[in-house]
Amino acid sequence: MSNRTDEFFSRLRADQALPHGRKWAEQQGAIGAGIAESDFGTATFIKERLARAVQEDLLSYLPDNLAELASEACSELYRTRFGWTFPTSWVRATPDVLSALHIALEIFPQHTPVIIPSPWYSPFPGVCESMNREVVSVPMPNGFDLELLADSLRVPGSIVLLCNPHNPTGEVLDRETLTQLAELAERHDAYLFVDEIHAPLVYAGSTHIPFASISPEAAQRSITAISPSKGWNLPGLKAAHAIIPNDQLRGHWDRLDRHPVRSGSPLGAIGIASAYSDEGLAWLDELILRFDSNRKLLTAQLNESLPLAQYREPQATYLAWINFADYELDVSPAEFLLQRAGVATVPGGACGTQFAHHIRFNFATSPENIERAIAGAAAALTR
Ligand SMILES: Cc1ncc(COP(=O)(O)O)c(C=O)c1O
């Protein structure tokens, strides 16, 4: 590498000792426990394939054969891991899950409200509002609640934004709940945008069941989005898929993305096909074990050092949703932890106004960082 190249890359990192990414760069000097990126990087073989793709000038627009390879990998992932079989003709490439949401919302008439259970993944309402959609927040402080959702489904044709497994709570919905949800949607003529981006990261003891696999009717009422961004830590590839079983909705999608301008890239398709391969899944299984051990460590640390924090261990993903209400802080816990303990988290208020006493803590980091963060928080709270 030339000196200029070395210099170029060294300028990309504020601190050479820290991983690339936004999580650590966001609040310099603080422990990065906010944005959903992982410090464990991605699989070496995926990096090798991406490097080779660059060497072989695979930097064109997305050719059909590569798009098909990625669609097949997506369909295989669902068949083998999640028990839902569908043809690749239902799969559409899209840069990321939020782009998929954007296109999906364009399909439905402007006046249809978007129902979002909260706490929510913080960008969801902003995407809807940027498209002049009415957002109906349905606070669910005790986990997913069908009765609360049913009360909000007043306008026929409403769109429900379902996140399963859930960010930030880590809840994984069981078959009975999904079946009742499908019946509810049928009764109220509701459609669902189902964000399954965290589905690859479910811990032993829980099972991810795709909403669309519940019944043919559920499939017809849903658009499902998935990507390797979280499981394989590849958000920068801008590579995701939407699965659209309903012919009419798919036709509409294709008319909106005719060129297609909002599809994927060759590097993205290679990332997807590699991540969802047997080798990629074996790597993922190892990673889940590391996350699981962090999850247990965090639970033990919270019990020991922050006994007033209310916390339910997540069933999936590396995000912990922690309630600090009983500490009766003068400022939000996210602000407190950043200023007094040097720990950067996502403020609960960003996930819904009712959740100002919460934080979302990302534990996809070293055990030492988890221990440092919790010890720092405990020390600040007793000062
Ligand atoms: C639930 C959920 N949806 C979507 C995203 C963003 O995904 P993408 O980068 O593919 O839009 C995230 C990222 O953290 C997420 O947690």
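Right above here is the structure, for reference.
Keep in mind that this is a model prediction, so the values were computed, not measured.

## Here we look at the packing of helix H5 (residues 97-107) against helix H6 (residues 123-130)
Closest axis-to-axis distance for the H5/H6 pair is 10 Å, and the angle between their directions is 35°. Handedness of the crossing formed by H5 with H6: right-handed. Facing H5, whose interface residues are Leu98, Leu101, His102 and Leu105, H6 presents Pro123, Phe124, Val127, Cys128 and Ser130.

## Brief notes about the site of the ligand
Taken together, the neighbourhood of the ligand is formed by Ala36, Asp96, Val97, Leu98, Tyr121, Cys163, Asn167, Asp195, Ile197, His198, Ser229 and Lys230. Between the ligand and aspartate 195 there is a distance of 2.5 Å, counted from a nitrogen atom to a side-chain nitrogen or oxygen. Relative to its unbound accessible surface of 400 Å², the ligand loses 93% to contact with the protein. Residues of the shell around the ligand, tallied by class, amount to 6 nonpolar, 3 polar and 3 charged.

## Let's talk about helix H13 (residues 333-341)
Listed in full, the buried residues belonging to H13 are Pro333, Ala334, Phe336, Leu337 and Ala341. The arc that holds the buried residues of H13, viewed along the axis, is 160°, so those residues lie on one side. Its buried side turned inward, H13 meets strand E11 (343-344), strand E12 (346-347), strand E13 (358-362) and helix H14 (367-382). After H13 finishes, the residue glycine 342 shows a positive phi value of roughly 65°.

## Considerations on the sheet that holds strand E10 (residues 319-323)
Taken together, the 4 strands give an open sheet; going across it, the order is E9-E10-E13-E12, and neighbouring strands pair in antiparallel fashion. Strand pairing shows two members of the sheet lacking a second neighbour, strand E9 (310-311) and E12, which therefore form its edges. In this structure, E12 lies alongside E13, joined through 2 bridges in antiparallel fashion. Within E13, the position partnered with valine 346 by the bridge is arginine 360. Contacts between H13 and the sheet are confined to E12 and E13, with E13 contributing the most and set at about 55° to the helix.

## Considerations on a nonpolar patch on the surface
A surface patch of nonpolar side chains, amounting to about 310 Å² of accessible area, comprises Phe8, Phe9 and Leu12. Summarising the element assignment, phenylalanine 8 is placed in helix H1 (residues 3-10).

Cut-offs and rules
Residues numbered from 1 in each chain as written. Predicted model: local features only at pLDDT ≥ 70, side-chain atom pairs only at ≥ 80, totals over all residues. Heavy atoms only, no water. Axes fitted to C-alpha atoms, helices over the stretch in contact; angles between N-to-C directions. Helix = DSSP H or I, 4+ residues; strand = E, 2+ residues; numbered from the N terminus. Left-handed = near helix turned anticlockwise from the far one by under 90°. Contact = heavy atoms within 4.5 Å. Near = heavy atom within 4 Å. Polar contact = N/O pair within 3.5 Å; in protein donor to acceptor, adjacent residues only side chain to side chain. Areas by Shrake-Rupley, 256 points an atom, 1.4 Å probe, with all protein chains shown as cover. Nonpolar A, V, L, I, M, F, W, Y, C, P; charged D, E, K, R; others polar. Buried < 20%, exposed > 50% of the residue type's maximum accessible area, 1.4 Å probe, protein only. Arc of directions from axis to C-beta. Pairing = 2+ DSSP bridges. Patch = residues over 30% accessible without salt bridge, like charges linked within 9 Å, V, L, I, M, F, W, Y side chains within 5 Å. Salt bridge = Lys/Arg side-chain N within 4 Å of Asp/Glu carboxyl O.

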